[in-house]
Each structure stands twice: as structure tokens, then as C-alpha cells.
Amino acid sequence: MKKSLLLFFSIISAVLCHGQISTKDSTVNVVAYFNKGDTVIYDYTHKNPKYIGKDTLYDAYLTARFQLSVLSASEDKGYRIEYTPVKYVYAPDSVLTETGKRWIKMAKTGERIANKMKPIFVLDEYGTLKKIENSKEIISKWGKLVDIGIKTIYKEEPSLEKIVKKEAMKEYMLSAVKTENDLWKLYEEMILLFGYHGRAFDMKKTTIESETGVTEVFCGKDRPDKYGTDNDYMVYAKQTTKIPSETVQTLVGEQMEQLVGKEMVDSLQNIVKGATGWPDIEVTNTHTVRYWSNGWPKETSTVKKVRPTGVAKEEFAKPSEIRTIEWVNYKVK
């Protein structure tokens, strides 16, 4: 359900240095100045809208509240931050597609397991994510709790057996978390919050071109609000990737569904019926992070759009995936 944006971040070149906003050098430096005992609670909302006529329903719509607490802080060793799940809020069936209703049932299974796990993330002195300290423990707990979670959800929702066989679901969930890399995908919100830490950006629009597309980056002072200070700042990045028609035609099937989603593949096949060939596809990801002056993120937003170029359909201009993270409670020393 979660897809890592590490590749999105890695193509942005930057130079490390301390401080936040440097008007002399016209740079913004994303650096952590956390203290032991700092605690921030966030709401992470994930939505996959589906546009049906003038209505908007959702194939996925979930808000997860979690707490981040600094267990230790050192100039040499960096930071250790504990992640604690707080609660989950699910969208009502009235705004969900049939896919969305099934997705919620799956998510509730995962909730029972996630509530038992408290990963500890290790960051360097700049706030760059380095490793999950207790990854082996978390993976072990996952394996033990999957069986309990599966038995519980299938007992409460026996009709789920008609959609996904119990053993198939168990095998899928066990295979999802086997290595530390798998855990990074499971806790993607940490990457969305801290993916820019340890980097420096020019205070102007920067365009980076590659063989697959273009990335635009802008950073500067954050917009004023009642909680803000003069040194709060933000980073905005927009990545546009083009998939040529030859690649689209080659990948149609499971590989293409992983890239752009089943709905887009179905739409493409309908388009091709009335056209002479496959269109190019443009995938756009925009990511914005706002920070307090001490480097704690205030909020993030990530929006994905997928559209076949040259096709002027309104639904293709709308977001296909939206992820937002907003702070709920902020206690720092």
C-alpha cells in the first residue's frame, strides 16, 4: 500500500552544512536540532480518489495518528526516535468504492499488528534517517502477530474468505515484512517527514534534468502562521517522469499496474480502442514539507497525478493519490 519515495529524493543533489536559512549564501539547510524528550504527534492521511461523473469516491482513505519521541540526542551519535501508533480513523462506506471497502478490511487487520510494534529510528546529527535499531525485533513481532490478526479479522468478517483466502492473506502479509528494507516501506511516513534532512537547497527555483524526466525544487521561508517564527522554512519539489508509448505498450499488464494503477491501465486500453496507438504517459509527483526552525516537520503533502499525454480528459488532470501529514501536538524542549 505504501511506496517509497527514496528514489524521488535521491536525484536531488545538495551540499551538507549547518544552519537553516542562510541569506548570505541564499540557501536553506534542513538540519535537526532535536532534544531528548521532544514529542510530536502527527496525523498521516492516505487517499486514492476515484472520479465517477461529478462524484468523488475513494479506493483508499485512512488516517493514522502516531507519536514520535526522542529517546536520546547527541552531537556525535545523532538521534534515536521511537514511533508509537496512537489511533486509526477510517472513512465511512458511503465515500468508498467496493475496492475501498475491501482495502479498509485489510487495513484493520494490519492495525491490530501495527499497534503492537514500536520501531526505533536512528538518525545522524543532521536528522538523516540511517537505520531501524530494533528491526529484527519488529520483524519477529510481525511474524508472530500476523497469525493472530488473520484469525481475528476472518472470524469477525467471514465474508472476506470469498474475496481473499485466509492462507493467501497470511502468506502475503508474512512476505511483506522480511527485511529492514521492507520495514522502510511499511513506515513510509518517516521518509516523507525526514527525507530532506541533511540536505541544503538554493533559495531559488532549481531544475534538474535526467533521462527519465525533470525535477524542480524550490525552498525558502515558510508562510507566516500563528505558530511560526521568522526562521521557519519549507521545501517544495516537483518530479515529472515521462513513459514513452513504446514502453507503455511493452509494460501493459502487471508491471504497468504497479507503476500507474489498474484504473489507469483500464483507461489506456479503452483509449487505444479508438486511437491508432498507445499514448505516452506522464507521471507527476509534488512534495512539500514545512519545518519549524529546529528542523521538526510541521506538515507534508504529496500528490501524484498520472495522465496519458494528448488526452484531454478531466479525470486525468486530477490527483490519483494524495498523502498528507499534519502535526497534532508539539512538545519540544
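We now examine the overall build of the protein chain. Within the protein chain, the regular secondary structure consists of 10 helices and 14 strands. Within the protein chain, buried positions represent 45% of all 333 residues. Sequence separation of at least 24 residues holds for 68% of the intrachain contacts in the protein chain that already meet a minimum separation of 6. Total accessible area computed for the protein chain in this model is approximately 17,500 Å², and 50% of it derives from carbon and sulfur atoms.

Here we come to the sheet that holds strand 10 (residues 213-221). Here we have 11 strands laid out as an open sheet, ordered 7-6-5-4-3-14-13-12-11-10-9, and antiparallel in their pairing. Unpaired on one side and paired on the other, strand 7 (129-132) and strand 9 (206-209) mark the two borders of the sheet. The mean angle between the axes of side-by-side strands here comes to 20°, regardless of whether they run parallel or antiparallel. With six bridges connecting them, strand 13 (residues 297-308) and strand 14 (residues 321-331) associate as antiparallel partners.

Inspection of the sheet shows strand 6 (residues 120-123) paired to strand 7 by three bridges, in the antiparallel sense. Along strand 7, the bridge assignment pairs phenylalanine 121 with isoleucine 132. Between strand 6 and the antiparallel strand that follows it, strand 7, lie five residues; glycine 127 among them carries a positive phi value of about 100°.

Now for the packing of aromatic side chains. For any pair of aromatic rings, geometry is given as the distance between the ring centres together with the angle between the planes. Considering all chains together, one arrives at 16 aromatic pairs under this definition. Here a set of aromatic residues connected by ring pairs shows up, and it is made of Tyr42, Phe66, Tyr83, Phe121, Trp184 and Tyr187.

Turning next to the environment of proline 308. Looking at the secondary structure, you find proline 308 in strand 13. On the basis of relative accessible area, proline 308 is assigned to the buried category, the value being 0%. Proline 308 sits 29 residues away from proline 279 along the chain, and the two C-alpha atoms are 5.9 Å apart.

Turning next to the pairing of strand 12 (residues 281-291). Counting buried residues in strand 12 gives 10 out of 11 residues, a clear majority hidden from the surface. Two strands pair when backbone bridges link them, and strand 11 (residues 233-243) and strand 12 are joined in this way by 11 bridges, in the antiparallel orientation. Within strand 12, the position partnered with glutamine 239 by the bridge is asparagine 285. The sheet contact formed by strand 12 and strand 13 spans 11 bridges and is antiparallel.

A separate point is the packing of helix 2 (residues 98-114) against helix 3 (residues 135-156). As a packed pair, helix 2 and helix 3 sit with axes 8 Å apart at the nearest point and diverge in direction by 135°. One element, helix 2, and the other, helix 3, form an angle in the oblique class. Along this stretch, helix 2 crosses helix 3, giving a crossing that reads as right-handed. Taken together, the residues of helix 3 that come into contact with helix 2 (itself represented by Lys105, Thr109, Arg112 and Ile113) are Trp142, Leu145, Val146, Gly149, Ile150, Thr152, Ile153 and Glu156. The residue inventory of the contact of helix 2 with helix 3, partitioned by class, reads six nonpolar, three polar and three charged.

Its 17 residues place the ends of helix 2 24 Å apart at the C-alpha level, agreeing with the 24 Å of an ideal helix rising 1.5 Å per residue. Taken residue by residue, helix 2 has Gly100, Trp103, Ile104, Ala107, Thr109, Gly110, Ile113 and Ala114 as its buried positions. Those residues of helix 2 that are buried lie in contact with strand 3 (39-52), strand 4 (55-74), strand 5 (78-90), helix 3 and helix 5 (166-176).

To continue, consider the packing of helix 3 against helix 5. If you want to describe how two helices pack, look at the angle between their axes and the distance between the axes. Their axes nearest at 10 Å, the elements helix 3 and helix 5 cross at an angle of 150°. Here helix 5 runs roughly antiparallel to helix 3, going by the angle between their axes. Between helix 3 and helix 5 lies a crossing of right-handed hand. Only Lys166, Met169, Lys170, Met173 and Leu174 of helix 5 make contact with helix 3, whose side of the interface consists of Trp142, Gly143, Val146, Asp147, Ile150 and Tyr154. Its residues placed into classes, the contact of helix 3 with helix 5 shows seven nonpolar, one polar and three charged.

Moving on to the environment of arginine 112. With respect to the helices and strands, arginine 112 occurs in helix 2. Its relative accessible area of 28% is what places arginine 112 among the partly exposed residues. Separated by 41 residues in sequence, arginine 112 and isoleucine 153 have C-alpha atoms that sit 9.2 Å apart. The contact partners of arginine 112, leaving out residues within four places of it in the chain, are Thr152, Ile153 and Glu156.

Mean pLDDT over the protein chain stands at 81; residues scoring 70 or higher make up 80%. The element-level mean pLDDT for the protein chain is lowest in helix 1 (residues 6-10), coming to 36, with strand 6 highest at 98.

Scoring rules and cut-offs
- Residues numbered from 1 in each chain as written.
- Predicted model: local features only at pLDDT ≥ 70, side-chain atom pairs only at ≥ 80, totals over all residues.
- Heavy atoms only, no water.
- Helix = DSSP H or I, 4+ residues; strand = E, 2+ residues; numbered from the N terminus.
- Buried < 20%, exposed > 50% of the residue type's maximum accessible area, 1.4 Å probe, protein only.
- Contact = heavy atoms within 4.5 Å.
- Areas by Shrake-Rupley, 256 points an atom, 1.4 Å probe, with all protein chains shown as cover.
- Pairing = 2+ DSSP bridges.
- Axes fitted to C-alpha atoms, helices over the stretch in contact; angles between N-to-C directions.
- Phe/Tyr/Trp six-rings, centres within 6.5 Å; stacked < 30°, edge-to-face > 60°.
- Parallel < 35°, antiparallel > 145°, perpendicular 65-115°, else oblique.
- Left-handed = near helix turned anticlockwise from the far one by under 90°.
- Nonpolar A, V, L, I, M, F, W, Y, C, P; charged D, E, K, R; others polar.
- Expected span 1.5 Å × (residues − 1).
- pLDDT = per-residue confidence, 0-100.

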